[in-house]
Amino acid sequence: MTIRSDEAAAMLADVETVVARVKQSRIYCSAALCIILWGVVDLVRDILIAVGPRWFGPRWFLIDLIGVAGTLALLRNGASPVSRFPFRILAAFALFYAFGWIWSDLLGQFGPREEMAFWPTLFLFGYALAGLWFGAAFSVIGLGLTALILIGYFWSGEAFILWQAFVTGFGFMLCGLWMRRA
Amino acid sequence: MEGPDDVIHQPVRLRVMAALTALAPDEEGLDFARLKSLTGATDGNLGAHLDHLARAGYVEVTKAFVARRPRTTVKASPQGRAAFARHVAFLKAIIAGT
């Protein structure tokens, strides 16, 4: 069997393409579980805030802690398990929450509606950025859900909290399921 | 220089081995649906190529039931990994002109 140099190059390029797709699909698979988890967390949180705004409104962060803990656990046991505790992920969460608090509470003093729009879009901005390195699906999720949140912020009136529950709750869950198949 | 591996040289089988060896040896392997998506093969076509690779001892095919649904998982054998590495080295040598 004789193989020309250009044929060999094409075969190696094929191999590289497949390897890159395998690596990306493993990232997507790991991320998908985390995204589905956050869909459940967001749905529960927003429903609790809707039914008990006085108690759950100021304490939404406690519910988010469940999401953070769950994310770290999933990364340890997921499709691409990390061998050490994911300190950088924990640090990333801490930085996002710190940055968010500085702007929403300290400098901006956002009202409830602004807070409800700001926090998920802050994290979705992270998704949009992550897509530049880890795959376009992250950017699609980040930008798509941000657009839906903004639509709800301006046009959903009093139903904004339920709109949020639907968009970030079911939206994340559907996006996670889509990403598992990507 | 060793020649090409006649088993791996076929395009679909080359892609299968590329996908399977992209995973670490201790990882579970890839399921049939994922391999089909990665290789662009049809069900029958992929099945035939997996049989060919299994007969050569290059892959291990495991069939099980997960939530009452059949699931086929394929993993590269140590022999398959070595054969794929030799084949890739052969292709690189052609490009290098050696």
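Residues numbered from 1 in each chain as written. Chains lettered and ligands numbered in written order. Predicted model: local features only at pLDDT ≥ 70, side-chain atom pairs only at ≥ 80, totals over all residues. Heavy atoms only, no water.

By secondary structure assignment, the location of Val51 of chain A is in helix H1 (residues 5-51). The class of Val51 of chain A is exposed, set by a relative accessible area of 63%. (Helix = DSSP H or I, 4+ residues; strand = E, 2+ residues; numbered from the N terminus. Buried < 20%, exposed > 50% of the residue type's maximum accessible area, 1.4 Å probe, protein only.)

A few words now on helix H3 (residues 43-55) of chain B. All names here are of chain B. Here H3 contains 13 residues, and its C-alpha end-to-end distance of 18 Å stays within 8% of the 18 Å for a straight helix at 1.5 Å per residue. Leu46, His49, Leu50 and Leu53 are the residues of H3 that are buried. Taken down its axis, H3 places every buried residue within 105 degrees of arc, on the same side. H3 presents Gly44 and Arg55 as exposed residues on the side facing more than 90 degrees away from its buried surface. Here the buried face of H3 lies against helix H1 (11-21), helix H2 (32-39), strand E2 (59-66) and strand E3 (69-76). With its phi angle positive at about 80 degrees, Gly57 sits one or two positions after the end of H3. (Expected span 1.5 Å × (residues − 1). Arc of directions from axis to C-beta. Contact = heavy atoms within 4.5 Å.)

Right, let's get into the layout of surface pockets. Here the second largest pocket defines a volume of roughly 1,100 Å³. Arg180 of chain A together with Asp31, Ala33, Arg34 and Arg71 of chain B are the residues nearest the centre of the second largest pocket, which is lined by 23 residues in total. For the lining of the second largest pocket, the residue count by class is 10 nonpolar, 4 polar and 9 charged. (1 Å grid on protein atoms, 1.4 Å probe; cavity = no way out; pocket = protein on both sides within 12 Å on 5 of 7 lines; lining within 4 Å. Points joined across faces, edges and corners; volume = space filled by probe spheres on them. Nonpolar A, V, L, I, M, F, W, Y, C, P; charged D, E, K, R; others polar.)

Let's shift gears to helix H6 (residues 136-155) of chain A. Residues and elements named next belong to chain A. For H6, with 20 residues, the first-to-last C-alpha span of 28 Å sits near the 28 Å given by 1.5 Å per residue. All buried positions along H6 are accounted for by Ala137, Phe138, Ser139, Ile141, Gly142, Leu145, Thr146, Ile149 and Gly152. As for H6, its buried residues are in contact with H1, helix H5 (112-134) and helix H7 (160-181).

All names here are of chain A. Here the structure, examined in full by the defined rule, presents 20 aromatic pairs over all chains. Residue placement shows Arg59 over the ring face of Trp55; its charged tip is 4.2 Å from the ring centre. Its end group placed over the ring of Tyr153, Arg113 keeps NZ or CZ at 5.6 Å from the ring centre. (Phe/Tyr/Trp six-rings, centres within 6.5 Å; stacked < 30°, edge-to-face > 60°. Lys NZ or Arg CZ within 6 Å of the ring centre and 35° of its normal.)

In terms of nonpolar packing, the biggest core is built from 35 residues, with Val16, Met17, Leu20, Leu35 and Phe84 of chain B touching the most fellow members. Elements that contribute at least two residues to this core include exactly H1 of chain A together with H1, H2, H3, E3 and helix H4 (78-96) of chain B. Looking at which element gives the most residues to this core, the answer is H1 of chain B, with 7 residues. If we ignore the near neighbours within four places in the chain, the residues touching Phe84 of chain B are Val15 of chain A together with Ile8, Leu14, Met17, Ala18 and Thr21 of chain B. In this structure, Ala117, Leu124, Ala137 and Ile149 of chain A belong to the second largest nonpolar core, which totals 18 residues. (Core = buried A, V, L, I, M, F, W, Y, C linked by side-chain atoms within 4.5 Å.)

Taken residue by residue, the interface counts 20 residues in chain A and 20 residues in chain B. A combined buried area of about 1,800 Å² lies between chain A and chain B, and 70% of that area is made up of carbon and sulfur atoms. The tally of links from chain A across to chain B stands at 2 salt bridges. Of the charged contacts in the structure, one is a salt bridge between Arg15 of chain B and Asp14 of chain A, with a shortest N-O distance of 2.9 Å. Among the secondary structure elements, those contributing two or more residues to the side of chain A that touches chain B are H1 and H7 of chain A. No other element matches H1 of chain A, which puts 13 residues into the side of chain A that touches chain B. Counted by class, the side of chain A that touches chain B contains 12 nonpolar, 2 polar and 6 charged residues. (Buried area = accessible area lost by both parts, 1.4 Å probe. Salt bridge = Lys/Arg side-chain N within 4 Å of Asp/Glu carboxyl O.)

Residue and element names in this part refer to chain A. Together, Ile27, Phe125, Leu129, Leu132, Trp133 and Phe134 make up a nonpolar patch on the protein surface, roughly 690 Å² of accessible area in all. Broken down by element, the residue count for the nonpolar patch peaks at 5 residues, all from H5. With respect to the helices and strands, the residue Leu132 is situated in helix H5. Owing to a relative accessible area of 63%, Leu132 belongs among the exposed residues under this scheme. (Patch = residues over 30% accessible without salt bridge, like charges linked within 9 Å, V, L, I, M, F, W, Y side chains within 5 Å. Areas by Shrake-Rupley, 256 points an atom, 1.4 Å probe, with all protein chains shown as cover.)

Residues and elements named next belong to chain B. Of note, the phi angle at Ala67 is positive, near 50 degrees, even though the residue is not glycine. Mapping Ala67 onto the fold places it in the loop between E2 and E3. Look at Ala67 and you get exposed, because its relative accessible area is 72%. Although it is not a glycine, Arg68 adopts a positive phi angle of roughly 65 degrees. If you trace the backbone, Arg68 turns up in the loop between E2 and E3.

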